[in-house]
Amino acid sequence: MDDELVRTLLKEQHPDLADLELQEVVGGWGNQMWRLGEDLAVRMPRGHGSPELLRKEHRWMPELATRLPLSVPTPVRLCEPSDRFPNPWLITTWVHGVPAEHAPITDPAAADVLADFLLALHTEAPAEAPISARTGLPPGLGFPEVQEYVGRRDELRTVWEDAVAAPAWGGPPLWIHGDLHPANVVVGDGTLTGVVDFEELCAGDPANDLAAAWILLPDGAADRFFERYGADDATVRRARAWGVIRALFLIAMGINGEKGIPGGKAHWKPAGHAALERLL
């Protein structure tokens, strides 16, 4: 996939957009992305699992976007497979800002911004809403080599056991983003301005998303976030376990980046360590 292919597909399927400036965006796993003009983006799936995820976004995001208080990538056109490209692809709105992986959130007031966004998103999902493995805690923390690397197994085990012992989510399944980490939010002037990559959008336990309090926000902001959001004690306990999982994931990707493994991101390692310190 390259600029020439994208330009050709645009000419064939969306000639009214074909002359807009095209700039490839570095990063991402499931999709390769280009910025299209000032306010649009093209997303093309790299593998066989992502096409249906794009269709899911196209189905649900336009309605959700109308009530979310931050900028999100809203599908504009779903583009069909062709002889040139065998999978569906998507044109969405462009979310302006710098990814938090390159410009971390520094303003403590971002706790209120994040809480308000999640309160708007975490509404009861319809019966036909998608579900995924992220609707509940996995069987364990995972990342055993990373757990050994950070050397804090007892503290990690305590967090996990406390989360497992906490009452499960007893309310109706709520809409959740499912993958809030520094590459999936954008920042402006030190605060949260947008949320991207809704591929994991599903219905489930809001604790998954609440882990972002430790992963995204600066030191000392988590208490402010939970007070604003109004989460009960059991949900916070489950969220802490999700936070540890994501912090270990960030460290793992950082180690992979240091080793030169494709997909690794060395600059994620310090972010993972900082999140783990906040959690523990």
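Whatever comes next refers back to the structure up there.
Residues numbered from 1 in each chain as written. Predicted model: local features only at pLDDT ≥ 70, side-chain atom pairs only at ≥ 80, totals over all residues. Heavy atoms only, no water.

K.L.:
How should the side chain of R246 be read in this particular structure?
P.N.:
Inspection of the secondary structure assignment puts R246 in helix α9 (residues 233-259). Buried R246, no salt bridge; nearest opposite-charge side chain is D179, N-O distance 4.4 Å. Separated by 3.0 Å, the side chain of R246 and the backbone oxygen of G178 make a polar contact. Look past the residues within four positions of R246 in its chain and what remains in contact with it is R134, G178, D179, L180, N208, A211 and I215. (Helix = DSSP H or I, 4+ residues; strand = E, 2+ residues; numbered from the N terminus. Buried < 20%, exposed > 50% of the residue type's maximum accessible area, 1.4 Å probe, protein only. Lys, Arg positive; Asp, Glu negative; His and termini not counted. Salt bridge = Lys/Arg side-chain N within 4 Å of Asp/Glu carboxyl O. Polar contact = N/O pair within 3.5 Å; in protein donor to acceptor, adjacent residues only side chain to side chain. Contact = heavy atoms within 4.5 Å.)

K.L.:
For this particular structure, what's the right way to read helix α3 (residues 110-121)?
P.N.:
One turn of an α-helix holds 3.6 residues; hence residues three or four places apart share an orientation. Across its twelve residues, α3 extends 16 Å between first and last C-alpha, which sits within 8% of the 16 Å expected from 1.5 Å per residue. With nine of its twelve residues buried, α3 lies for the most part within the structure. Of the residues making up α3, those classed as buried are A110, A111, D112, L114, A115, F117, L118, A120 and L121. (Expected span 1.5 Å × (residues − 1).)

K.L.:
Would you mind showing me how to read the layout of surface pockets here?
P.N.:
Once rolled over the atoms, a probe with the size of a water molecule shows which space is left empty. Within this model, the largest pocket holds a volume of roughly 1000 Å³. Surrounding the largest pocket, 41 residues form its lining, G28, A183, N184, V196 and D197 being those nearest its centre. Only β2 (31-36), β3 (40-45), β5 (89-93), β8 (185-188) and α9 provide two or more residues apiece to the lining of the largest pocket. Among the residues making up the lining of the largest pocket, the classes are represented as 20 nonpolar, twelve polar and nine charged. Taken together, 15 residues make up the lining of the second largest pocket; nearest its centre are A100, P104, I215, A271 and R278. It is helix α10 (residues 268-279) that provides the largest number of residues to the lining of the second largest pocket, a total of five residues. (1 Å grid on protein atoms, 1.4 Å probe; cavity = no way out; pocket = protein on both sides within 12 Å on 5 of 7 lines; lining within 4 Å. Points joined across faces, edges and corners; volume = space filled by probe spheres on them. Nonpolar A, V, L, I, M, F, W, Y, C, P; charged D, E, K, R; others polar.)

K.L.:
Whenever I open this one, the pattern of salt bridges confuses me. Can you help?
P.N.:
Should their charged atoms come close, side chains of opposite charge can pair. Under the definition given, this model contains 19 salt bridges. Across the pair E101 and K265 runs a salt bridge, and its minimum N-O distance is 3.5 Å. With E101 in the loop between β6 (98-99) and α3 and K265 in the loop between α9 and α10, the pair connects residues that are 164 residues apart, well separated along the chain. Residue classification places K265 among the buried positions, given a relative accessible area of 15%. The shortest N-O distance in the salt bridge between D162 and R237 comes to 3.2 Å.

Limitation: the analysis is restricted to geometry and does not speak to function.
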